[in-house]
Amino acid sequence: ITDLTNKVLNAQGSLSLVEQKQLFDQIDKIGGQSPISVLVDLTSTFDQNTVRLIIGKLERLREAIKATLAADEANHEKSVATFKAMIEKLQELEDEIRNDEEKSKVQLKSNENAKISETERKATNELLEKQSNTAREASEAQLEVATDNYESRTADRSRSIAIITQVIQLLKASEQEQQQPPAI
């Protein structure tokens, strides 16, 4: 509750120290309710200008979260492109290794005095292939971790946006109720 309230208070412009003190005193009185119900309870005691100020700050906070979400999406796309480029480079390296292997075979056949035995050549080729496979697996694991982290951050921000949107709707409804004359 305090973190959300601090974000609201610290977004462009601010409430006076007296208003901030009143806000925190009321939060302490309300206790462990949800942030949405706390904000609705608090705003019912504020004048319309303060409620509009809080709504404006929440809307700016929501837009800022949306902007960071868009930036994360762009970074994710960039990471995927980098990963694909890395895989292409690994494929090229693997092709080069195969070409070198073929050249080595031809050279071995033509050089009767070659000191490298068939077993050593196979071991060398297997080692090169294992290194290539290990590099590819490591790159794939990194992409998977990056993708999981991205999806987690995206889900968190989407939930934040939904909560803030709900708070804004509740605050606007509360503001409209305050504007209506009391029923007689």
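This one's a predicted model, so the numbers in the text were calculated from it and none came from an experiment.

Asks: Which residues make up the overall build of the protein, and what are the values?
Replies: From N to C terminus, the protein includes five helices and zero strands. Secondary structure of the protein in N-to-C order comes out as α-α-α-α-α. Looking at the 184 residues of the protein, the share that counts as buried comes to 25%. Residue pairs in contact within the protein that sit at least 24 positions apart in sequence constitute 76% of those at least 6 positions apart.

Asks: Quick rundown of a negative patch on the surface? Include the residues and the values.
Replies: Where like charges cluster on the molecular surface, the negative patch consists of E88, E92, D95, E96 and D100. Relative to the assigned elements, D95 resides in helix α4 (residues 48-110).

Asks: Explain the environment of I87 to me, using residue names and the numbers behind them.
Replies: For I87, the location among the structural elements is in helix α4. Judged by relative accessible area, which is 23%, I87 ranks as partly exposed. Along the chain, I87 and S139 lie 52 residues apart, while their C-alpha atoms are 7.7 Å from each other. Ignoring sequence-local partners within four residues, the contact set of I87 consists of R136 and S139.

Asks: Describe the pattern of salt bridges, and please don't skip the residues or the numbers.
Replies: All told, the structure shown has eight salt bridges when counted by the stated rule. With a closest N to O distance of 3.3 Å, R98 and E94 form a salt bridge. In this pair, R98 and E94 both sit in helix α4, four residues apart, roughly one turn of the helix. A residue is classified by how much of its surface remains accessible, and R98, at 43% relative accessible area, is partly exposed. Accessibility expressed as a relative area gives 11% for E94, which makes it buried. One continuous salt-bridge network, built from bridges that share partners, spans R62, E63 and K66.

Asks: Residues and numbers for the environment of L170, please.
Replies: With respect to the helices and strands, L170 occurs in helix α5 (residues 118-179). For L170, a relative accessible area of 33% gives the class partly exposed. Between the C-alpha atom of L170 and that of I55, which follows or precedes it by 115 residues, the distance is 9.8 Å.

Asks: Give a description of the side chain of R136 that names residues and reports values.
Replies: Structurally, R136 is set in helix α5. With relative accessibility at 19%, the residue R136 sits in the buried group. Setting aside its immediate chain neighbours within four residues, R136 contacts I87, L90, Q91 and E94.

Asks: I'd like a description of the side chain of H76, backed by residues and values.
Replies: By secondary structure assignment, the location of H76 is in helix α4. Residue classification places H76 among the buried residues on the basis of a relative accessible area of 16%. Those residues in contact with H76, other than ones at most four positions away along the chain, are T147 and Y150.

Asks: Can you lay out the environment of T165 for me, pointing to particular residues and giving the numbers?
Replies: By the secondary structure assignment, T165 is in helix α5. Sequence separation of T165 and I55 is 110 residues, and the distance between their C-alpha atoms is 9.9 Å.

Asks: Summarise the confidence of the model for the protein; cite the residues concerned and give the values.
Replies: Taken over all residues, the pLDDT of the protein has a mean of 77, while the share at 70 or more is 72%. Per-residue pLDDT, averaged within each element of the protein, yields its smallest value for helix α1 (residues 2-10) (51) and its largest for α4 (85).

Rules used in this analysis
- Residues numbered from 1 in each chain as written.
- Predicted model: local features only at pLDDT ≥ 70, side-chain atom pairs only at ≥ 80, totals over all residues.
- Heavy atoms only, no water.
- Helix = DSSP H or I, 4+ residues; strand = E, 2+ residues; numbered from the N terminus.
- Buried < 20%, exposed > 50% of the residue type's maximum accessible area, 1.4 Å probe, protein only.
- Contact = heavy atoms within 4.5 Å.
- Patch = residues over 30% accessible without salt bridge, like charges linked within 9 Å, V, L, I, M, F, W, Y side chains within 5 Å.
- Areas by Shrake-Rupley, 256 points an atom, 1.4 Å probe, with all protein chains shown as cover.
- Salt bridge = Lys/Arg side-chain N within 4 Å of Asp/Glu carboxyl O.
- Lys, Arg positive; Asp, Glu negative; His and termini not counted.
- Charge placed at Lys NZ, Arg CZ, Asp CG, Glu CD.
- pLDDT = per-residue confidence, 0-100.

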